[in-house]
Amino acid sequence: MSILVIAEHDNSSLKQATLNVVAAAKAIGGDIDVLVAGENCGAVAEAAAKAEGVNKVLVADNAAYGHFLGENLGELVAEVGKGYSHILAAAGTVGKDFMPRVAALLDVAQVSDIMRVESEDTFVRPIYAGNAIATVKSSDSIKVVTVRPTAFDPVAAEGGSAAVEQLDVVKDAGLSQFVSEELAKSDRPDLASAGIVVSGGRGMQNGDNFKMLEQVADLMGAAVGASRAAVDAGFVPNDMQVGQTGKIVAPQLYIAVGISGAIQHLAGMSDSKVIVAINKDEEAPIFQVADYGLVADLFEAVPQLEEELKKVM
Amino acid sequence: MKVLVAVKRVIDYNVKVRVKPDNTGVDLANVKMAMNPFCEIAVEEAVRLKEKGVASEIVVVSIGPKASQEQIRTALALGADRGIHVETDEEVQSLEAAKLLKAVVEKEEPKLVILGKQSIDSDNNQTGQMLAALTGMGQGTFASEVVVEGDKVNVTREVDGGLMTVALNLPAVVTTDLRLNEPRYASLPNIMKAKKKPLDNMSPADLGVDIAPRLSTLKVEAPASRQAGVKVADVAELVDKLKNEAKVI
Ligand SMILES: Cc1cc2nc3c(=O)[nH]c(=O)nc-3n(C[C@H](O)[C@H](O)[C@H](O)COP(=O)(O)OP(=O)(O)OC[C@H]3O[C@@H](n4cnc5c(N)ncnc54)[C@H](O)[C@@H]3O)c2cc1C
């Protein structure tokens, strides 16, 4: 078996999710190659070559891949990947965008968002917003799979010494152009891989009040997340949404503040190790999954939390 | 320009999903079904494009059992002009759905195809992208804004890091995210009118597509359930427990 892992990166650094996907590839077993497609992404390729368990790093460095357009990546990965038994990528917005194109071009099914590897052709994945867990078997010759990064412990980032090989395959489908992007800038840890996440919901009432959560988060080195209701209301940007259709998080500690606990929200955080809920409604469904529940008005509890944390952190 | 919208009949998003005791799937007997929420957003976007004079005709297509006609009628009541029902009682997976939609695209030749980014049953997030690849179109996935300008469409996409805008040549595929729009409700007169709008029926065989699934589901289980924990009296107790009991801070 030979597995091609598509690296997730921003042209300058390798995202941790790639290490989680390599771990999923190890669980399948076989030689693991990593494809780094991007523009001026040499540093990413070097980082990928150091990851544990990687056999070879293939680099496709071209302006056509600079913004990870699905049309171009789809053609590239279908071309490079057709000699492999498995093609794996993280189930982030980049992987979700181009991987189905790869599958369609290769005329195979895709298995989305796997949480576990049962065998080389059988995988476990959530359906119905995680209310059911399906075990599915693929009968295709090439398995195109997206991986839920939080479900696999990452391989070590250092220690490997894979060969790096430049590819000269340029696939510009000519169907799409990058126009602009608005990327959230934050000094806080990345939401999807943070060890502690503090999330706010509709109960926060407005964007300004999120500052209270940010202060608490900064004391603990945490990332800040939100419910869909908080994003829809314009309190915070979309990249902070946790849930079925937002980011999937599984930190050591998840603190839900003013969030009711709708199933679509739980789908994104119920694999957290410890869940804390702060909500003034003692009937809120979030308390059914919380390890520690505090029935309180958040506008009193959050400032107190900040004070108490200052004493112990 | 003609817009094709694909809609799917799924379990209503408010229903508590239960896994069948024999672990073959989830229990859909006597469960409320509805249009997939992302598909509602797709229909709404097409209707808005028509109201702006950008779209001239909206064709809505659904693949599924006879009852999927209810969702097609809903879309017609919301403003679509005509429906196509690709009827089958078999399970249709994403790749096969994309092939069926490709056959419909070849017949209808729409300038824009709008789909939901995922359906809330299988949560696959694949069909739109597969359709785009099979038809050689560009794709604007997870759209939060769609602006048609001449022979291009600019799509703002919700991505992990924030927002990203791409320009796509038409014809193109767009898949909707939650914040693209807020779907309207159908009015009673429009529901009555929708009953008279044309609805074509065809089978996968009529479209020449083999829908045999490539993935088989071996079992479906309930997720590991979390136990509700304890209520703490105050913030001091909470911090103490996090530090000394759970040891996570
Ligand atoms: C297709 C689809 C996909 C979806 N995807 C997602 C998703 O990815 N992520 C997501 O989060 N949601 C998602 N949703 C939405 C989800 O169904 C809920 O509507 C949403 O999660 C509710 O957000 P909330 O808990 O912040 O708001 P609410 O449900 O309104 O809850 C607010 C909570 O705040 C509490 N509160 C209010 N004031 C205070 C106070 N002063 N002190 C303490 N507590 C207070 C209230 O008691 C209440 O429990 C999706 C829905 C659909 C249909």
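Residues numbered from 1 in each chain as written. Chains lettered and ligands numbered in written order. Predicted model: local features only at pLDDT ≥ 70, side-chain atom pairs only at ≥ 80, totals over all residues. Heavy atoms only, no water.

Draft legend 1. A look at the site of the ligand. The environment of the ligand is made up of 30 residues, and the closest members are Arg202, Ser227, Ser260, Gln264 and Asn279 of chain A. Thr245 of chain A places a side-chain nitrogen or oxygen 2.9 Å from a nitrogen atom of the ligand. A distance of 2.7 Å separates an oxygen atom of the ligand from a polar side-chain atom of Asn279 of chain A. Its free accessible area being 990 Å², the ligand has 86% of it covered by the protein chains. Contributions of two or more residues to the shell around the ligand are made by α6 (228-232), α7 (263-269) and α8 (298-312) of chain A together with α1 (37-51) of chain B. Considering only residue class, the shell around the ligand consists of 12 nonpolar, 13 polar and 5 charged. (Near = heavy atom within 4 Å. Polar contact = N/O pair within 3.5 Å; in protein donor to acceptor, adjacent residues only side chain to side chain. Areas by Shrake-Rupley, 256 points an atom, 1.4 Å probe, with all protein chains shown as cover. Helix = DSSP H or I, 4+ residues; strand = E, 2+ residues; numbered from the N terminus. Nonpolar A, V, L, I, M, F, W, Y, C, P; charged D, E, K, R; others polar.)

Draft legend 2. Examining empty space enclosed by the protein more closely. All names here are of chain A. By the definition in use, this model includes 1 cavity of 30 Å³ or more. Estimated volume of the largest cavity: approximately 110 Å³. Taken together, Ile6, Ala7, Glu8, His9, Ala37, Phe68, Leu73, Ala89, Ala90, Val94, Gly95 and Phe98 form the lining of the largest cavity. Mapped onto the lining of the largest cavity, the elements with two or more residues apiece are β4 (86-90) and α4 (93-105). Examining the composition of the lining of the largest cavity, we find that 3 residues originate from one element, α4, more than from any other. Tallied by class, residues from the lining of the largest cavity come to 9 nonpolar, 2 polar and 1 charged. (1 Å grid on protein atoms, 1.4 Å probe; cavity = no way out; pocket = protein on both sides within 12 Å on 5 of 7 lines; lining within 4 Å. Points joined across faces, edges and corners; volume = space filled by probe spheres on them.)

Draft legend 3. Region of the structure containing the nonpolar core. Counting residues in hydrophobic clusters, the biggest one holds 53 residues, and the most contacted among them are Ile87 and Val144 of chain A together with Val86 of chain B. Ranked by residue count, the leading element in this core is helix α3 (residues 94-108) of chain B, at 8 residues. Residues Ala24, Cys41, Ile114 and Val136 of chain A belong to the second largest nonpolar core, which totals 47 residues. (Core = buried A, V, L, I, M, F, W, Y, C linked by side-chain atoms within 4.5 Å. Buried < 20%, exposed > 50% of the residue type's maximum accessible area, 1.4 Å probe, protein only.)

Draft legend 4. Focus on the UniProt feature "domain: Electron transfer flavoprotein alpha/beta-subunit N-terminal" (unreviewed entry) in chain B. When the UniProt feature table is mapped onto this chain numbering, "domain: Electron transfer flavoprotein alpha/beta-subunit N-terminal" (unreviewed entry) sits at residues 23-211 of chain B. Secondary structure over residues 23-211 of chain B splits into 30% helix and 31% strand, and the C-alpha atoms at its two ends are 24 Å apart. (UniProt positions renumbered as here; feature names shortened; annotations may be inferred.)

Draft legend 5. Structural view of the pairing of strand β4 (residues 57-64) of chain B. All names here are of chain B. Most of β4 sits out of view: 7 of its 8 residues are buried. Bridge count for strand β1 (residues 2-7) against β4 is 6 bridges, and the pairing is parallel. Bridge pairing links Val3 to Ile58 in β4. Inspection of the sheet shows β4 paired to strand β5 (residues 82-87) by 6 bridges, in the parallel sense. Bridged to Val60 within β5 is Gly83. Assessed by its sense of winding, the connection that carries the chain from β4 through helix α2 (residues 69-78) to β5 is right-handed. (Pairing = 2+ DSSP bridges. Right-handed = clockwise from strand over helix to strand, strands pointing away.)

Draft legend 6. The arrangement of the sheet that holds strand β12 (residues 196-200) of chain A in detail. An order of β13(A)-β12(A)-β14(A)-β15(A)-β16(A)-β13(B) is seen for the 6 strands of this open sheet, with the pairing classed as parallel. In this open sheet, the two strands that pair with only one neighbour each are β13 (223-226) of chain A together with β13 (230-231) of chain B. As defined by bridge partners, strand β14 (residues 253-257) of chain A adjoins strand β15 (residues 274-279) of chain A across 5 bridges and the pair is classed as parallel. For Val257 of chain A, the partnering residue across the bridge sits in β15 of chain A and is Ile278 of chain A. Across the face of the sheet, helix α5 (residues 210-220) of chain A comes into contact with β12, β13 and β14 of chain A while running at roughly 175° to β12 of chain A. Across the sheet, helix α6 (residues 235-245) of chain B is in contact with β14, β15 and β16 (292-295) of chain A together with β13 of chain B; its angle to β16 of chain A comes to roughly 170°. (Contact = heavy atoms within 4.5 Å. Axes fitted to C-alpha atoms, helices over the stretch in contact; angles between N-to-C directions.)

Draft legend 7. Spotlight on the interface of chain B and chain A. Across the contact, 77 residues belong to chain B and 87 residues belong to chain A. For the chain B and chain A pair, buried surface summed over both sides reaches about 6800 Å², with 54% attributable to carbon and sulfur atoms. A per-residue breakdown of the area chain B buries against chain A is headed by Asp160, Arg214 and Arg226 of chain B, which together make up 11% of the total. On inspection of chain B and its partner chain A, the count reaches 6 salt bridges. (Buried area = accessible area lost by both parts, 1.4 Å probe. Salt bridge = Lys/Arg side-chain N within 4 Å of Asp/Glu carboxyl O.)

Draft legend 8. View of α6 of chain B. All names here are of chain B. Inspection of α6 places Val235, Leu238, Val239, Lys241 and Leu242 among the buried residues, and these make up the whole buried set. Around the axis of α6, the buried residues are gathered within 160° of arc, so they sit on the same side. Measuring from the side-chain oxygen of the N-cap residue of α6 to the backbone nitrogen of Ala236 gives 3.3 Å; that N-cap residue is Asp234. Positive phi shows up at Lys247, right after α6, with a value of about 55°. (Arc of directions from axis to C-beta.)

Draft legend 9. Spotlight on the side chain of Asn131 of chain A. Along the chain, Asn131 of chain A turns up in the loop between β7 (122-127) and β8 (132-138). If sequence neighbours within four positions are ignored, Asn131 of chain A has contacts with Ile263 of chain A together with Lys16, Val17, Val19, Ala222 and Pro223 of chain B.

Draft legend 10. Spatial organisation of the domain arrangement of chain A. All names here are of chain A. One can read the domain layout of chain A as domain 1 (2-166) and domain 2 (191-312). Relative to domain 2, the C-alpha centre of domain 1 lies at a distance of 30 Å. On the side of domain 2, 9 residues touch domain 1, which itself brings 6 residues to the contact. Roughly 620 Å² of surface becomes buried between domain 1 and domain 2 when both sides are summed, with 53% attributable to carbon and sulfur atoms. On the domain 1 side of the interface with domain 2, the three residues burying the most area are Ala129, Arg148 and Thr150, jointly 70% of the side's total. Run the count over domain 1 and domain 2 and you get 0 salt bridges. Linking domain 1 to domain 2 there are 0 residue pairs in polar contact (both at pLDDT 80 or more). A breakdown of the residues in the side of domain 1 that touches domain 2 according to their chemical character gives 2 nonpolar, 3 polar and 1 charged. (Domains from an automatic or database assignment.)

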